Amino acid sequence: MDSEVDDFIVPSVLKACSQVLMIHLGRELHGFALKKDWILMFMLKDVVSWSVMVGGYSRNGLLDEALGIVREMQFMEVRPSEAAMISLVNLFADYGDKQMDKAMHGFAVRNVEKMGVPLTTTLIDMYTKCGDLASAVKLFGGLSKKGLVSWTVLIAGHIRCKELEKAIKLFRRMLEEGIHPNEITILSLIKECTSVGASELGSWLHAYVLRNGYCISLALTTALVDLYGKCGDTVYARKLFDRSKNKDVMIWSVMISAYAQVHSINQAISLFTKMRDSGIRPNQVTMVSLLSVCAEAGALDMGKWIHAYIDRQCVEVDLVLKTALVDMYAKCGDIDGAYRLFEEAADKDLCLWNAMFAGLGMHGCGKEALKLFVEMEKLGVRPNDITFIGLLHACSHAGLVAEGKILFERMFHRFNLVPKVEHYGCMVDLLGRARLLDEAHEVIKSMPIRPNSIVWSALLAACKVHRNSTLAEIAARKLLDMEPQHCGYNTLVSNVFAAANRWDDVAELRKVMKKFGMKKEPGLSLIEVNGSVHEFAMGDRRHSQIAKIDGMLEEMRKKLEESGYVPDTSVVLQNIDEEEKEFALNYHSEKIAMAFGLISTAPGHPIKVVKNLRVCNDCHTATKLLSKIYKRVIVVRDRKRFHHFRDGFCSCGDYW
Ligand code: ZN
Ligand code: ZN
């Protein structure tokens, strides 16, 4: 190889490698370059080659390798230009890793002749991205000239770290020093507010703009619609939207995704219709929002219609849109449809693979997920931690205990990925489901990081199913210590106590919940009939066909009773008398949705319901029987997974 390689080829091959993710080849070339002194000689001179290597490694998430090169640069006394340094720091900043950032800072201080304002500002930004505000403030203090850009970066950083009061103080100080924000500054601060859900600060900035007579451009209005929409105030967002003139595709998309965010599928779709009527051509962002709202609502017919629309209108299907389509089909219960689309995709990125793994996991297709993972490995696609969450879920929902354990091992040993708390949660779930409760408890005890409430609630849920009250109590106490105000966990713990008839403990918990002003998250069930989505809450009386639904619920109750069904009243929280409990059970949102499904679809037609919470024990038992009584396939997607009820059985094997 020696004779044919000159100092022109290596950098360009390196660059090509970094662009097409051929990181293994890049790494080899890098090793080769190190071994050959003469190549090192040219690399010494060539800052670009070094930067390309750092960039390639960082973009592929190989930060250690990237940092290694930075060290080599240091050793070789390569001095990057300020511009090169800014792009290096930016690359590292996206990962928000404190140690790396410190190293980059040190490197910059030692190697850049004199750090100018742009580089210092980039470093400030980097520190705020990894949550080290103190270092950011210190750097900012040392700036000789504090311009608008540096102020903006510092204030935006404080918003990002949710130090909102300090952000306002800084904003005021900036004004005092005679620096006035321009529209770009305001825009970037509002965007930052949107991403952390700081609606109050966002509307404070909005008020500032109005008070000071700024001309509000379409871009700013769009950012504001996005802010109010993402913070859940779709009514106000819509007001701003309606008032804006010359609407472009962006603002339409943002408003549609605001509806998507709060799962208002019918409003999202009707706005989409309006958008088409006003002659605006939707883009990928619009389509992704619409597909996500269909996915959340489980509205397969609507999702299919949108898919057909995309084909008809020749909207370009990029990987993001492809992933949204796969996700929609999977979440709407059509896993085969999802798989067909996935297979069709010529080049697949990690997001697409991950969407497929998550889909297979939801449907309990553990074996298929593992097979696919082998394929992915063969193609040299490097998994990330999200991949493993999908895979471990898949193992868990399919009862593949041994396989799950192996995956968990390989995650660290083969792929160098340190398990996060979510992965431990999956392991506890996997073991708990298989009745290995003590082993699950051991996993928690052996965790090098502090177990969070998700891990303990996984154990608690398993204890509830396998009726282990000793461990349940341990888990329950931990949960209550950790998050006394979390309503969902309180409900879970209450359920455990209620099932054991410990009404005093239940009453005590209820007092706590009242004190903190907690309300149970209301259960909602959605069902799509003839292309529109109907929503039901517990005991809901709002539907126009409520009289017919009542009749059906009564019929269901009688038929269930005849088939020997006894209501499981232990799931009802209140210590009310038995008859009242039974009444409450009858009006759980999924039962109302099913009743509506039964009266409004043809016999034999499958019924699909989406619920925002976990299905309760009683509804699960009742649904199994109903699938047999009415000879219908009933598919329920709850917060965690799909349940396919058929002929008196459920695909989850009674564990969820
Ligand atoms: Zn229920
Ligand atoms: Zn089930």
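Let me sum up the structure you'll find in this document. (Residues numbered from 1 in each chain as written. Chains lettered and ligands numbered in written order. Predicted model: local features only at pLDDT ≥ 70, side-chain atom pairs only at ≥ 80, totals over all residues. Heavy atoms only, no water.)

**Details of the overall build of the chain**
The following threshold applies: Numbering of helices and strands runs from the N terminus, with a helix taken as a DSSP run of H or I at least four residues long and a strand as a DSSP run of E at least two residues long. We call a residue buried when its accessible area falls under 20% of the maximum for its residue type, exposed when it is over 50%, and partly exposed in between, using a 1.4 Å probe and counting protein chains only. Here a residue-residue contact requires only that any non-hydrogen atoms of the pair lie within 4.5 Å. The method behind every accessible area is Shrake-Rupley, applied with a 1.4 Å probe, and residues are considered shielded solely by the protein chains displayed.
Each helix and strand in the chain was counted, giving 35 helices and six strands. Within the chain, buried positions represent 52% of all 656 residues. A separation of at least 24 residues holds for 65% of the contacts in the chain among residues at least 6 apart in sequence. Carbon and sulfur atoms make up 54% of the accessible area of the chain, which totals about 31500 Å².

**Description of the pattern of salt bridges**
Using the following cut-off: One side-chain nitrogen of Lys or Arg within 4 Å of one carboxyl oxygen of Asp or Glu is enough to make a salt bridge.
Here the structure, examined in full by the defined rule, presents 19 salt bridges. Two residues, Asp242 and Arg238, come together in a salt bridge whose shortest N-O distance is 3.1 Å. Of this pair, Asp242 and Arg238 both sit in helix H15 (residues 234-243), four residues apart, roughly one helical turn. A salt bridge links Asp618 to Lys591; its shortest N-O distance comes to 2.8 Å. In this pair, Asp618 is assigned in helix H35 (residues 617-629) and Lys591 in helix H34 (residues 589-600), connecting sequence segments 27 residues apart. With respect to burial, Asp618 and Lys591 carry one shared label: buried. Each member of the salt-bridge network shares a partner with another, and the members are Asp125, Lys129, Arg160 and Glu192.

**Observations concerning the packing of aromatic side chains**
In this description, an aromatic ring pair is defined by two values, namely the gap between the centres and the angle between the planes. So the rule is basically this: We call Phe, Tyr and Trp rings a pair once their centres come within 6.5 Å, taking the six-membered ring for Trp, and we label the pair stacked below 30 degrees between planes, edge-to-face above 60, and tilted otherwise.
Summed over all chains, the structure comprises 18 aromatic pairs. With a centroid separation of 5.5 Å and an interplanar angle of 80 degrees, the aromatic rings of Phe171 and Trp204 are classed as edge-to-face. Residue Phe171 is located in helix H11 (residues 164-176), and its partner Trp204 is located in helix H13 (residues 199-211); the two are separated by 33 residues in the primary sequence. Taken together, a centroid distance of 5.8 Å and an interplanar angle of 70 degrees make the contact between Phe373 and Phe388 edge-to-face. Of this pair, Phe373 sits in helix H23 (residues 366-378) while Phe388 sits in helix H24 (residues 385-397); the two residues are 15 residues apart in sequence, bridging distant segments of the chain.

**Describing the coordination of the zinc ion (ligand 2)**
Note the following rule: Only nitrogen, oxygen and sulfur atoms within 2.8 Å of the metal, or 3.2 Å for Na, K and Ca, are treated as donors, and water is left out, so sites may look incomplete. Labels for metal geometry use angle windows, namely 85 to 135 degrees for all angles of a four-donor tetrahedral site, and for square planar (four donors) or octahedral (six donors) sites opposite donors over 155 degrees apart plus all others within 65 to 115; sites meeting none of these are irregular.
Protein ligation of the zinc ion (ligand 2) involves His620 (NE2), His643 (ND1), Cys650 (SG) and Cys652 (SG), the donor distances falling in the range 1.9 to 2.2 Å. In this structure, the zinc ion (ligand 2) is coordinated by four donor atoms arranged in tetrahedral fashion, with angles at the metal of 103 to 115 degrees. On the primary sequence, the residues serving as donors to the zinc ion (ligand 2) are separated as H-x22-H-x6-C-x1-C. Take His643 and Cys650: they sit in the same class, and that class is buried.

**Topic: the coordination of the zinc ion (ligand 1)**
Every protein donor of the zinc ion (ligand 1) is listed here as His588 (ND1), Cys616 (SG) and Cys619 (SG), and their distances to the metal cover 1.9 to 2.3 Å. If you list the donors of the zinc ion (ligand 1) from N- to C-terminus, the spacing comes out as H-x27-C-x2-C. One end of the pair, His588, is in the loop between helix H33 (578-586) and H34; the other, Cys616, is in the loop between strand S3 (607-611) and H35, and 28 residues separate them in sequence. Here His588 and Cys616 have matching classes, each one buried.

**Overview of the pairing of strand S5 (residues 642-646)**
The side chains of a regular strand alternate, residue by residue, between the two faces of the sheet. Spelled out, the test is: Two strands form a pair only when DSSP identifies at least two bridges running between them.
Note: strand S4 (residues 634-637) against S5, four bridges, orientation antiparallel. Looking across to S5, one finds that Ile634 is bridged to Phe645. Here S4 folds back onto S5, and the loop between the two strands holds four residues. Sheet analysis places S5 next to strand S6 (residues 649-650), joined by two bridges and oriented antiparallel. Residue Arg646 lies in a different strand from S6, and its bridge partner there is Phe649. As consecutive antiparallel partners, S5 and S6 are separated by two residues, and within that stretch Asp647 has a phi angle of approximately 55 degrees, a positive value.

**Observations regarding unusual backbone geometry**
Positive phi, close to 55 degrees, is recorded for Cys314, a residue that is not glycine. Turning to its location among the elements, Cys314 is positioned in the loop between helix H19 (300-312) and helix H20 (319-331). Its identity is not glycine, yet Lys631 carries a phi of approximately 50 degrees, on the positive side. Examined against the element boundaries, Lys631 turns out to sit in the loop between H35 and S4.

**Comments concerning the packing of H23 against helix H25 (residues 401-413)**
The condition that has to hold: Axis definition: a line fitted to C-alpha atoms, over the contacting stretch in the case of helices. Angles run 0 to 180 degrees between N-to-C directions. An angle below 35 degrees is read as roughly parallel, one above 145 as roughly antiparallel, one from 65 to 115 as roughly perpendicular, and any other as oblique. In this scheme, a crossing is called left-handed if the near helix is turned counterclockwise away from the far one by less than a right angle; it is called right-handed if the turn is clockwise. Under the grouping applied here, Gly and all other residues not named as nonpolar or charged are polar, the nonpolar ones being Ala, Val, Leu, Ile, Met, Phe, Trp, Tyr, Cys and Pro and the charged ones Asp, Glu, Lys and Arg.
The geometry of H23 relative to H25 is characterised by a closest axis approach of 13 Å and an angle of 30 degrees between their N-to-C directions. With respect to their mutual orientation, H23 and H25 come out roughly parallel. Crossing of H23 over H25 shows left-handed handedness. On the side of H23, the interface is formed by Leu370, Phe373 and Glu377, while H25 contributes Glu403, Leu407 and Arg410. The residue inventory of the contact of H23 with H25, partitioned by class, reads three nonpolar, no polar and three charged.

**Let's talk about the packing of H20 against helix H21 (residues 335-344)**
Interaxial distance between H20 and H21 falls to 7 Å at its minimum, and their mutual angle equals 160 degrees. Considering their axes alone, H20 and H21 lie roughly antiparallel with respect to each other. The interaxial crossing formed by H20 with H21 has left-handed handedness. Note on element contacts: H21 touches H20 through Ile335, Gly337, Ala338, Leu341, Phe342 and Glu344, opposite Lys322, Leu325, Val326, Tyr329 and Ala330. Split into classes, the residues belonging to the contact of H20 with H21 amount to eight nonpolar, one polar and two charged.

**Quick look at the sheet that holds strand S2 (residues 532-537)**
Pairing in this open sheet of six strands is mixed, and the strands run S2-S1-S3-S4-S5-S6 from one edge to the other. Each edge of the sheet is formed by a strand with only one pairing partner; in this case those strands are S2 and S6. Two strands pair when backbone bridges link them, and strand S1 (residues 524-529) and S3 are joined in this way by three bridges, in the antiparallel orientation. When the bridges of S3 are listed, Leu526 appears paired with Val610.

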